[in-house]
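# Analysis of the macromolecular model
Listed below, chain by chain, are the residues.
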Amino acid sequence: MEKQRKKRPTPFIIHDEYFFKAKKEWYRARSAFKLIELQEKFSLIKAWMKVCDVASAPWSFLQVIRKNVWNDWLVVGIDLQKIDNFWQENIHTIQHDIYEFDTLKPKVEAIIWEWKLFDLVTSDIAPKTTGRADIDQYESVELNIWIVKFADVFLKKWWNLVLKVFIWEDFNDLLKEIKLRYKKLSVYKPFACRDRSPEEYVVCFDKLN
Ligand SMILES: C[S@@+](CC[C@H](N)C(=O)[O-])C[C@H]1O[C@@H](n2cnc3c(N)ncnc32)[C@H](O)[C@@H]1O
């Protein structure tokens, strides 16, 4: 009798064209191509900008930002996760939880004290997913509301904020907060996002205050 093989679970990581492209071009994650596409579409990053990227690990957004600003320019990355083997001049990384704003604030201020505010804040934040779409998207919206509050304090007036959010019912709560603070917004899904993923990017233009 033929031995019955156990069915293997489907691997979670999909090695698609962006995965291989990231390896080839030395990006630390395929997410890099999402920001590259957003940059091509909206020209968000200018060479003279001081940029803060929230939820940066494993730092591929920072690699893209670094390539688009002047060489000695300030770039700050914040993430819950520890920074390993990543060092490039003028990139400052802070290991911190965005929910703990009171303790995060002085750390950010210590880095940007000379300039006081950022010209662009980007975020690719994603909660630890549970597999329950309702819970995951609720948490995604909550995280983003905190990033909007972070930008209230650290982003210059008239400049832009980029968010990634899992779009579902609670998205309206986030939209409400954004519309109070920004002149206009655009929702966009880069090709590098997986089709089955609920993630989309919200580009918030022209901070009002
Ligand atoms: C999709 S990854 C970001 C990938 C990154 N943009 C890149 O290009 O390499 C989402 C990140 O959100 C971070 N994150 C989730 N919750 C967070 C929180 N409360 N505070 C800070 N970072 C958080 C995770 O640690 C994770 O590194």
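Summarised in this report is the structure supplied together with it. Given the structure is predicted, the values throughout are model-derived calculations rather than measurements. (Residues numbered from 1 in each chain as written. Predicted model: local features only at pLDDT ≥ 70, side-chain atom pairs only at ≥ 80, totals over all residues. Heavy atoms only, no water.)

### Examining the overall build of the protein chain
Applicable threshold: The secondary structure listing takes helices from DSSP runs of H or I that are at least 4 residues long and strands from runs of E that are at least 2 residues long, numbered from the N terminus. Only protein chains enter the calculation, and the probe is 1.4 Å; a residue is then buried if its accessible area is under 20% of its type maximum, exposed if over 50%, and partly exposed in between. What makes two residues a contact is simply this: any of their non-hydrogen atoms within 4.5 Å. Here, Shrake-Rupley sampling with a 1.4 Å probe gives the accessible areas, and only protein chains in the shown set may cover a residue. Neither His nor the chain termini are counted; the positive set is Lys and Arg, and the negative set is Asp and Glu. The atoms used to mark charge sites are NZ of Lys, CZ of Arg, CG of Asp and CD of Glu.
Across its full length, the protein chain carries 6 helices and 7 strands. Tracing the protein chain from N to C terminus, the helices and strands come up as α-α-β-α-β-β-α-β-α-β-α-β-β. Seen along its three principal axes, the alpha-carbon backbone of the protein chain occupies a region of about 75 × 40 × 35 Å. A burial count over the protein chain gives 47% of its 209 residues as buried. Contacts spanning at least 24 positions in sequence make up 63% of the contacts within the protein chain whose residues lie at least 6 apart. Accessible area of the protein chain: about 12400 Å², with a carbon and sulfur share of 53%. Positive and negative charge centroids in the protein chain, built from 35 and 31 side chains respectively, lie 4 Å apart.

### Re the site of the ligand
The criterion, for reference: Throughout, near means a residue has at least one heavy atom within 4 Å of the molecule or strand. We call two N or O atoms a polar contact when they sit within 3.5 Å, provided that within protein one can donate a hydrogen and the other can accept it, with sequence-adjacent residues counted only if both atoms are side-chain atoms. Gly falls in the polar group here, along with every residue not listed as nonpolar (Ala, Val, Leu, Ile, Met, Phe, Trp, Tyr, Cys, Pro) or charged (Asp, Glu, Lys, Arg).
With respect to spatial proximity, 19 residues lie near the ligand, and among them S60, F61, D79, D97 and D124 are the closest. One of the backbone N or O atoms of F61 is found 2.9 Å from an oxygen atom in the ligand. Within the side chain of D97, an N or O atom sits 2.8 Å from a nitrogen atom of the ligand. In the complex, the protein chains occlude 88% of the 600 Å² of accessible area that the ligand would expose alone. Residues of the shell around the ligand, tallied by class, amount to 10 nonpolar, 5 polar and 4 charged.

### What about helix α4 (residues 101-112)?
Using the following cut-off: Helix span is expected to be 1.5 Å times the residue number reduced by one. Read the arc as the range of directions from the helix axis to the C-beta atoms.
When the terminal C-alpha atoms of α4 are compared, their 16 Å separation across 12 residues agrees well with the 16 Å that a helix rising 1.5 Å per residue should span. For α4, the full list of buried residues reads F101, L104, V108, I111 and I112. Here the buried residues of α4 occupy an arc of 80° about the axis, which is enough to place them on one side. Facing away from the buried surface of α4 by more than 90 degrees, the exposed residues are D102 and A110. If you follow the buried residues of α4, they end up packed against β2 (75-79), β3 (91-95), β4 (118-123) and α5 (133-154).

### Considerations on the packing of α5 against helix α6 (residues 171-181)
When two helices pack together, their arrangement is captured by the angle between the axes and the distance separating the axes. Put simply, the rule is: Axis angles are defined between N-to-C directions and span 0 to 180 degrees, where every axis is a line fitted to C-alpha atoms and, for a helix, only to the segment in contact. Note that the term roughly parallel is reserved for angles under 35 degrees, roughly antiparallel for angles over 145, roughly perpendicular for angles of 65 to 115, and oblique for everything else. What makes a crossing left-handed is the near helix being turned counterclockwise from the far one by less than a right angle; a clockwise turn instead makes it right-handed.
Packing of α5 against α6 leaves a shortest axis separation of 9 Å and a crossing angle of 15°. The orientation of α5 relative to α6 falls into the category roughly parallel. Seen from above, α5 lies across α6 with left-handed handedness. Between α5 and α6, the residues in contact are Q137, V141, N144, I145, V148, K149 and D152 and F171, D173, L174, E177, I178 and R181, respectively. Considered class by class, the residues forming the contact of α5 with α6 number 6 nonpolar, 2 polar and 5 charged.

### Thoughts on the nonpolar core
If you look at soluble globular proteins, the nonpolar side chains tend to sit buried side by side. The following threshold applies: Remark: nonpolar core denotes a set of buried residues (Ala, Val, Leu, Ile, Met, Phe, Trp, Tyr, Cys) joined through side-chain atoms within 4.5 Å.
In terms of nonpolar packing, the biggest core is built from 35 residues, with I78, V108, F118, F150, L161, L163 and L174 touching the most fellow members. Elements with a contribution of two residues or more to this core: β1 (51-54), β2, α4, β4, α5, β5 (155-166), α6 and β7 (199-207). Here this core gets 8 residues from one element, more than from any other, and that element is α5. In this structure, L163 is in contact with S123, N144, I147, V148, L174, I178, E200, Y201, V202 and C204, ignoring residues within four places of it in sequence. Counting residues in each nonpolar core, the second largest holds 30 residues, with I45, L62, Y188 and V203 among its members.

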